[in-house]
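Results of the structural survey
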Amino acid sequence: VQREAQAIKSEAKKILLIVVIIALVVYAFTGTAQVAQEQTGLVLRLGKVIQKRDPGLYWGLPWPIDRVVRIPTGVAHSLQVKDFNLAPEDVSARQAELRKNDRFKTLPPDALGALSNPYLVTGDMNVIHLDMQVVYRITEPEDYYLAAGDFTDVTETNVQQIARRVIANAAI
């Protein structure tokens, strides 16, 4: 009986050793992250940014504790601001929407067309269409990561507001 108990104890030690080895291998793989040349890595520990990492291989705590978020800082990003000119199908949909509104029922068709496709009025009362493309680089990866919601939506809205303000004060 004592030999059987010792054999079971020996088997339990072997199983424990195998579990520990597997855990170490899993730890090694989940704690490893590669940050590419055009990226900056942000190390998150339990969801909080604790450090910024340059390109290269990173080894840290396993997945549930540490996580590396890669931010593309070495490339130029492009944002097309299209809300100034709507696509033809969007113009038709907007005209139909405006016709449903009682305030716009008495407007002539030309005025309805102007309201449905966003024109911009300059400071000297000229009407223009505007297409813009904004090219930007991410210089502060932590601020970019912590920005609320979708960064491109916020950027597009800001660009539109600034463009409207500048054009409203410009004479063409």
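This is a predicted model, so every value here is computed, not measured.

All right, on to the overall build of the chain then. Across its full length, the chain carries five helices and nine strands. Listed N to C, the secondary structure of the chain is α-β-β-β-β-β-β-α-α-β-β-β-α-α in terms of helices and strands. Buried residues in the chain amount to 26% of all 172 residues. In the chain, the proportion of contacts linking residues at least 24 apart, taken out of those at least 6 apart, comes to 67%. Of the roughly 12400 Å² of accessible surface on the chain, a fraction of 58% belongs to carbon and sulfur atoms.

Taken together, three strands build an open sheet; the order of strands is β3-β2-β5 and the sheet is antiparallel. Of all the strands in the sheet, the pair left with one neighbour each is β3 (48-53) and β5 (66-71). Sheet twist, expressed as the average angle between the axes of neighbouring strands with direction ignored, equals 30 degrees.

Further remarks concern the side chain of glutamine 39. Examined against the element boundaries, glutamine 39 turns out to sit in the loop between β1 (32-35) and β2 (40-45). Of note is the side chain of glutamine 39, whose polar atom sits 3.0 Å from the backbone nitrogen of alanine 36. Residue contacts for glutamine 39: discarding those within four places in its chain leaves Pro55, Arg70, Ile71, Pro72 and Thr73.

Here the focus is helix α5 (residues 151-169). For α5, with 19 residues, the first-to-last C-alpha span of 28 Å sits near the 27 Å given by 1.5 Å per residue. Every buried residue of α5 is listed here: Thr155, Glu156, Val159, Gln160, Ala163 and Ile167. One face of α5 carries all of its buried residues, which in axial projection span an arc of 135 degrees. Along α5, exposed side chains directed more than 90 degrees from the buried face belong to Arg165 and Asn169. Packing partners of the buried residues in α5 comprise β6 (77-81), β7 (120-121), β8 (127-128) and β9 (132-136).

What you see with β1 is a clean split: Ala33 and Val35 sit on the buried side and Thr32 and Gln34 on the side with no burial. Where β1 and strand β4 (residues 56-59) come together, four bridges link them in antiparallel fashion. From the neighbouring strand, threonine 32 faces β4, where its bridge partner is tryptophan 59.

Moving on, we come to a nonpolar patch on the surface. A cluster of nonpolar side chains, namely Leu17, Ile21, Val25 and Phe29, defines an oily patch on the protein surface of about 430 Å² accessible area. Its location among the elements puts leucine 17 in helix α1 (residues 2-30). A relative accessible area of 52% places leucine 17 in the exposed class.

Here we take up the pattern of salt bridges. Summed over all chains, the structure comprises one salt bridge. Here aspartate 66 and arginine 45 are joined by a salt bridge, their closest N and O atoms 2.8 Å apart. Placement of aspartate 66 in strand β5 and of arginine 45 in strand β2 is noted, with a sequence separation of 21 residues between them. Judged by its relative accessible area of 34%, arginine 45 is partly exposed.

Thresholds applied
- Residues numbered from 1 in each chain as written.
- Predicted model: local features only at pLDDT ≥ 70, side-chain atom pairs only at ≥ 80, totals over all residues.
- Heavy atoms only, no water.
- Helix = DSSP H or I, 4+ residues; strand = E, 2+ residues; numbered from the N terminus.
- Buried < 20%, exposed > 50% of the residue type's maximum accessible area, 1.4 Å probe, protein only.
- Contact = heavy atoms within 4.5 Å.
- Areas by Shrake-Rupley, 256 points an atom, 1.4 Å probe, with all protein chains shown as cover.
- Pairing = 2+ DSSP bridges.
- Axes fitted to C-alpha atoms, helices over the stretch in contact; angles between N-to-C directions.
- Polar contact = N/O pair within 3.5 Å; in protein donor to acceptor, adjacent residues only side chain to side chain.
- Expected span 1.5 Å × (residues − 1).
- Arc of directions from axis to C-beta.
- Patch = residues over 30% accessible without salt bridge, like charges linked within 9 Å, V, L, I, M, F, W, Y side chains within 5 Å.
- Salt bridge = Lys/Arg side-chain N within 4 Å of Asp/Glu carboxyl O.

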